[in-house]
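# Reading the structure
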Amino acid sequence: MKLKNLSLITVLSACLMSPALSQAGTYEEAVMDAKASINNAKALNYEWRDSSKLLEKADKLNKEGKSDKAMKLVAEAKKQGDMAVIQAKLQASVSGPHN
């Protein structure tokens, strides 16, 4: 149990320290990656409140020509989706009123 939690914490730390969208070549690809991460979290009932809102704001910024700021928001949305999935896995074995 402790080893499982330790390995998940290691993965979480790696996600936080690495650039979230280094493989995404275009804005559209980055949005697709972020949506996939958010949908994975949603499937586990762990979608974070602001993840989709960040994508909406990024879309608005991208349409205004502020692509750098938009990409940062998309990266944050993807990171939130990834972290929500990790959170779901970490808390899957915890018993309590939320189950």
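Scroll up to find the structure.
Here's a quick rundown of the structure. What you see is a predicted model; the values in this text were computed from it and never measured. (Residues numbered from 1 in each chain as written. Predicted model: local features only at pLDDT ≥ 70, side-chain atom pairs only at ≥ 80, totals over all residues. Heavy atoms only, no water.)

## A word on the overall build of the protein chain
A count of helices and strands for the protein chain gives 4 helices and 0 strands. Its helices and strands taken in sequence order, the protein chain reads α-α-α-α from the N to the C terminus. Of all 99 residues assigned to the protein chain, the portion counted as buried reaches 29%. Taking all contacts inside the protein chain whose residues are at least 6 apart in sequence as the whole, residues at least 24 apart take part in 70%. As presented, the protein chain carries roughly 6,700 Å² of accessible surface, and 57% of it is formed by carbon and sulfur atoms. (Helix = DSSP H or I, 4+ residues; strand = E, 2+ residues; numbered from the N terminus. Buried < 20%, exposed > 50% of the residue type's maximum accessible area, 1.4 Å probe, protein only. Contact = heavy atoms within 4.5 Å. Areas by Shrake-Rupley, 256 points an atom, 1.4 Å probe, with all protein chains shown as cover.)

## Details of unusual backbone geometry
Located in the positive-phi region is Asn45, a residue other than glycine, with phi close to 60°. Locating Asn45 in the fold gives a position in the loop between helix H2 (27-43) and helix H3 (51-63).

## Considering the nonpolar core
Counting 13 residues, the largest nonpolar core has Tyr27, Leu55, Ala58, Val74 and Ala77 as the members making the most contacts within it. Looking at this core, the elements that each hand over two or more residues are H2, H3 and helix H4 (67-91). Leave out the neighbours within four places in its chain, and Leu55 touches Tyr27, Ala34, Lys35, Ile38, Val74 and Ala77. (Core = buried A, V, L, I, M, F, W, Y, C linked by side-chain atoms within 4.5 Å.)

## Regarding the packing of H2 against H4
Direction vectors running N to C along H2 and H4 enclose 25°, while the axes themselves pass 8 Å from each other. Classified by the angle their axes make, H2 and H4 are roughly parallel. As for how H2 packs across H4, the hand of that crossing is left-handed. Of the residues in H4, those in contact with Tyr27, Ala30, Val31, Asp33, Ala34, Ser37, Ile38, Asn40 and Ala41 of H2 are Ala70, Met71, Val74, Ala77, Lys78, Gly81, Asp82, Ala84 and Val85. (Axes fitted to C-alpha atoms, helices over the stretch in contact; angles between N-to-C directions. Parallel < 35°, antiparallel > 145°, perpendicular 65-115°, else oblique. Left-handed = near helix turned anticlockwise from the far one by under 90°.)

## Concerning the pattern of salt bridges
Considering all chains together, one arrives at 6 salt bridges under this definition. Here Asp50 makes a salt bridge to Arg49, at a shortest N to O gap of 2.9 Å. Given a relative accessible area of 27%, Asp50 falls into the partly exposed group. Exposure remark for Arg49: the relative accessible area of 67% places this residue in the exposed category. A salt bridge links Lys53 to Asp50, with the shortest nitrogen-to-oxygen separation between them at 3.9 Å. (Salt bridge = Lys/Arg side-chain N within 4 Å of Asp/Glu carboxyl O.)

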